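Residues per chain, in single letters:
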Amino acid sequence: MGVSTSRPGKGIALVTVDFPPVNALPVRGWYDLADAVRAAGRDPEVRCVVLAAAGRGFNAGVDIKEMQREHDTGRHTALIGANHGCAEAFSAVYACKVPVVAAVGGFCLGGGIGLVGNADAIVASEDATFGLPELDRGALGAATHLARLVPQHLMRALYYTSRTATAAELHAHGSVWKVVPREELMDAALELAGEIARKDGYLIRLAKAAINGIDPVDVHRSYRFEQGFTFEANLSGVAARVRGTFGKDEAREAGS
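Residues numbered from 1 in each chain as written. Predicted model: local features only at pLDDT ≥ 70, side-chain atom pairs only at ≥ 80, totals over all residues. Heavy atoms only, no water.

> Lay out the side chain of Ser 162 in plain terms, naming residues and giving numbers.
With respect to the secondary-structure elements, Ser 162 resides in the loop between helix 6 (152–161) and strand 8 (164–166). There is a polar contact of 3.4 Å between the side chain of Ser 162 and the side chain of Asp 136. (Helix = DSSP H or I, 4+ residues; strand = E, 2+ residues; numbered from the N terminus. Polar contact = N/O pair within 3.5 Å; in protein donor to acceptor, adjacent residues only side chain to side chain.)

> Describe the pattern of salt bridges, listing the residues and the values that go with them.
Within this structure, the stated rule accounts for seven salt bridges. A salt bridge links Arg 148 to Asp 215, with the shortest nitrogen-to-oxygen separation between them at 3.1 Å. Residue Arg 148 is located in the loop between helix 5 (143–146) and helix 6, and its partner Asp 215 is located in the loop between helix 9 (201–213) and helix 10 (219–236); the two are separated by 67 residues in the primary sequence. (Salt bridge = Lys/Arg side-chain N within 4 Å of Asp/Glu carboxyl O.)

> Go over helix 10 with me, naming the residues and quoting the values.
With 18 residues, helix 10 should cover 26 Å at 1.5 Å per step; its first-to-last C-alpha distance of 26 Å lies within 8% of that length. All buried positions along helix 10 are accounted for by Val 219, Ser 222, Tyr 223, Glu 226, Gln 227, Thr 230, Ala 233 and Asn 234. On an axial view of helix 10, the arc spanned by its buried residues comes to 135°, and they lie on one face. Exposed residues lying more than 90 degrees from the buried face of helix 10 are Arg 221, Phe 225, Glu 232, Leu 235 and Ser 236. Of the surrounding elements, those touching the buried residues of helix 10 are helix 3 (77–95), helix 5, helix 6 and helix 11 (238–243). The residue sitting at the N-terminus of helix 10 and contributing the capping side-chain oxygen is Asp 218; that oxygen lies 3.1 Å from the backbone nitrogen of His 220. At the C-terminal side of helix 10, Gly 237 shows a positive phi close to 95°. (Expected span 1.5 Å × (residues − 1). Buried < 20%, exposed > 50% of the residue type's maximum accessible area, 1.4 Å probe, protein only. Arc of directions from axis to C-beta. Contact = heavy atoms within 4.5 Å.)

> Go over the sheet that holds strand 2 (residues 12–18) with me, naming the residues and quoting the values.
Paired through backbone hydrogen bonds, the strands of a sheet run either parallel or antiparallel to each other. Taken in spatial order, the six strands line up as 1-2-3-4-6-9 in an open sheet, and their pairing is mixed. The open sheet is flanked by strand 1 (2–9) and strand 9 (178–180), the only strands paired with a single partner. Across this sheet, the average inter-strand angle for adjacent strands is 20°, counted without regard to direction. With six bridges joining them, strand 1 and strand 2 adopt antiparallel strand pairing. If you follow Ser 4 over to strand 2, its bridge partner there is Thr 16. (Pairing = 2+ DSSP bridges. Axes fitted to C-alpha atoms, helices over the stretch in contact; angles between N-to-C directions.)

Encoded structure:
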């Protein structure tokens, strides 16, 4: 369990996240992910990083239960840690010295959108779904990154409703490179990464820096701006009230 790095091919670093049962990352997990991506990008032998996950889905966001356990203490350590940890992980993907390919299978929610929205390319399985259920979980954030995946008005509708988009829909919008059966996901991601990794190592780093430099949106500033409203939601008490219902509605529906 945790974050691991392997070398599945020449010039490729594979960073794998594994936090059962649904890859909802605790505070430490976000920092570990950031460290792994940065370390891979600094390695002169690496020309492309593949970001993947083990288990049922790519990412289910932050560990809500970690925050719920702290609610009665009146402290906000977990919230602050999660916000800083997410910012670190998202920034690490965006600022990685080499291109990052996200291999997305199953659900990609909340913080997962922050990761793939900041990646350079996305390969997804046919069962992959993407969305921000933040409003249903007493949270805000990552609209910055969802806006990099879908057009503005669709981003707003998805955000306000907490609905998800399929891999096929994102492919139609041009934000997903390729959609494949689940069993072919890693092969497809490594194929793309291998093509990138065959470029000159120095030149691919220049290309990544150049493309980031012409980005019309400062993703770091934009996301930190969003996080200010996350703090307000928590300080006002509305976030805890909504989080308190997390999982209860599903349990009631299952028992009805």
